Amino acid sequence: MNNETHNTPIHQEEPNMARRNLIKLAGIGAATAGVAAMTTGQAFAQSEQQPSALTLSDEWDKTFAKSDRVDHRKVSFKTRYGFTLAADIYQPKNSSGKLAAIIVSGPFGAVKEQSSGLYAQTLAERGFVTLAFDPSYTGESSGEPRNVASPDISTEDVSAAVDFIGLLPDVDRERIGIIGICGWGGMALNAAAVDKRVKAVVASTMYDMTRVMSKGYNDSLTQEQRTQTLEQLGRQRWQDAENGAPAYGPVSLELSGGEPQFVVEYAAYYKSPERGFHPRAINSNAAWTLTTPLSFMNMPILSYIAEISPRPVLFVHGEQAHSRYFSETAYAAAAEPKELMIIPGANHTDLYDQMDMIPFDKLAAFFQQHLG
């Protein structure tokens, strides 16, 4: 693995086409920023609701094997907005004294039983107390309606996890770091900028969800297209209000052939029982509300990324990832100390679960250095 450190006319759409574009935009979230962008179909309502009082079992239902070097338990905690988040705590067996802690979340539309749990367990094997959580409205966490997101609520989820883990008797609250994977890479950076209790942050294979939803891939959305999208989102709000419930896009990643390679790679992770499929994950088995993009359209989350300094930031991205530009431009906007690590040959989803490509030794060394 290599380290690269850098210092450096639209026509009016028909109604059906506008609706398909709205479903595509909602699909940006449904596929961790774009994997369902090529799907179409009629919206449908999802009625299953997560009860406000969580009932959590200790059943091991992760997409990765349980480590015999780590103790695991399920927990829940409240956010400042009143949501109850479900989480997994991983801790080195037979540890003693107060340890440094790492909070992990992502990808966007995933659950803690997938990539974030794998990261958390693996770093617990290296001596940290770690926590992987389900964001508000998703997984086992509370929030109604299901499968909706807000950059502000997501940022609060991270800080609420800091609240919780910092009060554990075996955690040193002055040594807390965070990792955000994919769409939660941007959320982690936003949280670190505003929450000075976070001492170090890693963004792995990151997306800036507000940027991709408001501007499209590679900032390709024109002003006219943006205006049309917002008008369609307004029409969808009228429909949702009339129906008394939100509409949802088609189930994520039901491929029909001809999709771009990066979409195929998303499906290879989220739909495969051998890799990342989990029944509670939006990207595996459900869809976001069609109006989820609304709060992302005018709320850029990386405006204050330079204010993370003097705390360190590590960006990790695959050389072949279609999303690599998010890390490169975020790296350029961040202040020192910062580092960009490019993984040779890796695509976007390789950094979800491929143990020979995720640089766990580097991540552990980074946190050991900066969390003391």
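What counts and what doesn't
- Residues numbered from 1 in each chain as written.
- Predicted model: local features only at pLDDT ≥ 70, side-chain atom pairs only at ≥ 80, totals over all residues.
- Heavy atoms only, no water.
- Helix = DSSP H or I, 4+ residues; strand = E, 2+ residues; numbered from the N terminus.
- Buried < 20%, exposed > 50% of the residue type's maximum accessible area, 1.4 Å probe, protein only.
- Pairing = 2+ DSSP bridges.
- Axes fitted to C-alpha atoms, helices over the stretch in contact; angles between N-to-C directions.
- Contact = heavy atoms within 4.5 Å.
- Core = buried A, V, L, I, M, F, W, Y, C linked by side-chain atoms within 4.5 Å.
- Parallel < 35°, antiparallel > 145°, perpendicular 65-115°, else oblique.
- Left-handed = near helix turned anticlockwise from the far one by under 90°.
- Nonpolar A, V, L, I, M, F, W, Y, C, P; charged D, E, K, R; others polar.
- Right-handed = clockwise from strand over helix to strand, strands pointing away.
- 1 Å grid on protein atoms, 1.4 Å probe; cavity = no way out; pocket = protein on both sides within 12 Å on 5 of 7 lines; lining within 4 Å.
- Points joined across faces, edges and corners; volume = space filled by probe spheres on them.
- Salt bridge = Lys/Arg side-chain N within 4 Å of Asp/Glu carboxyl O.

Student: Residues and numbers for unusual backbone geometry, please.
Tutor: With omega at 0 degrees, the peptide bond leading from Glu144 into Pro145 counts as cis. Tracing the sequence through the fold places Pro145 in the loop between β4 (129–133) and α3 (151–166). Geometrically, the link from Glu336 to Pro337 is a cis peptide bond, its omega value of 0 degrees lying close to zero. Relative to the elements of secondary structure, Pro337 occurs in the loop between α9 (324–333) and β8 (338–343). In this structure, Asn218 takes a positive phi of about 50 degrees despite not being glycine. Looking at where Asn218 falls in the secondary structure, it is placed in the loop between α5 (209–215) and α6 (223–243). With relative accessibility at 55%, the residue Asn218 sits in the exposed group. One non-glycine residue, Leu253, lies in the positive phi region at around 65 degrees. Among the secondary structure elements, Leu253 is positioned in the loop between α6 and α7 (261–270).

Student: I'd like a rundown of the sheet that holds strand β3 (residues 99–105), residues and numbers included.
Tutor: If you trace the 8 strands from one edge of the open sheet to the other, you get β1-β2-β4-β3-β5-β6-β7-β8, paired in mixed fashion. The open sheet has two edge strands with one neighbour each: β1 (70–78) and β8. Averaged over all pairs of adjacent strands, the angle between strand axes in this sheet comes to 20 degrees, irrespective of strand direction. Pairing of strand β2 (residues 84–92) with β4, which is carried by 4 bridges, proceeds in the antiparallel orientation. Each residue of the ladder has a partner; that of Ala87, found in β4, is Phe133. Strands in contact with helix α4 (residues 183–194) are β3, β4, β5 (171–181), β6 (200–204) and β7 (313–318); relative to β5, the strand with the most contacts, it is inclined by about 145 degrees.

Student: Describe the nonpolar core, naming the residues involved and giving the relevant values.
Tutor: Ranked by size, the top nonpolar core spans 100 residues in total, and within it Leu131, Phe133, Leu189 and Phe315 carry the most contacts. Residue contacts for Leu189: discarding those within four places in its chain leaves Val201, Ala203, Met206, Leu302, Ile305, Ile308, Val313 and Phe315.

Student: Describe the packing of α3 against α4, and please don't skip the residues or the numbers.
Tutor: Between α3 and α4, the least distance of the axes is 9 Å, while the angle of their chain directions is 70 degrees. The orientation of α3 relative to α4 falls into the category roughly perpendicular. In the packing of α3 onto α4, the handedness of the crossing is right-handed. Within the contact between the two elements, α3 uses Pro151, Ser154, Thr155, Asp157 and Val158 and α4 uses Trp184, Met187, Asn190, Ala191 and Val194. Of the residues in the contact of α3 with α4, the class split is 6 nonpolar, 3 polar and 1 charged.

Student: I'd love a proper account of the pairing of β4, names of residues and values included.
Tutor: Of all 5 residues making up β4, 5 are buried, and the element is well covered by its neighbours. Side-chain alternation along β4 places Val129, Leu131 and Phe133 on one buried face and Thr130 and Ala132 on a second face that is also buried. Relative to β4, β3 runs parallel, the two sharing 4 bridges. From the neighbouring strand, Val104 faces β4, where its bridge partner is Ala132. Chirality of the crossover, the property in question, places the unit of β3, helix α2 (residues 115–124) and β4 among those that are right-handed.

Student: I'd like to hear about empty space enclosed by the protein, residue by residue, with values.
Tutor: Taken as a whole, the largest cavity spans an internal volume of roughly 90 Å³. Looking at the largest cavity, it is lined by 16 residues, and the ones nearest its centre are Pro135, Ser136, Thr138, Trp184 and Trp288. Counting residues per element, the lining of the largest cavity draws most heavily on α3, which supplies 3 residues. Counted by class, the lining of the largest cavity contains 10 nonpolar, 5 polar and 1 charged residues.

Student: Now, about the pattern of salt bridges: what can you tell me, with residues and values included?
Tutor: When the charged atoms of two side chains with opposite charge come close together, those side chains can pair. Across all of its chains, the model carries 21 salt bridges by this definition. Put simply, Asp353 and Arg275 hold a salt bridge, and the shortest N to O gap is 2.6 Å. Here Arg275 lies in the loop between α7 and α8 (282–285) and Asp353 lies in helix α10 (residues 350–353), a separation of 78 residues in the sequence. Asp353 gets classed as buried once you look at its relative accessible area, which sits at 15%. On the basis of relative accessible area, Arg275 is assigned to the partly exposed category, the value being 21%.

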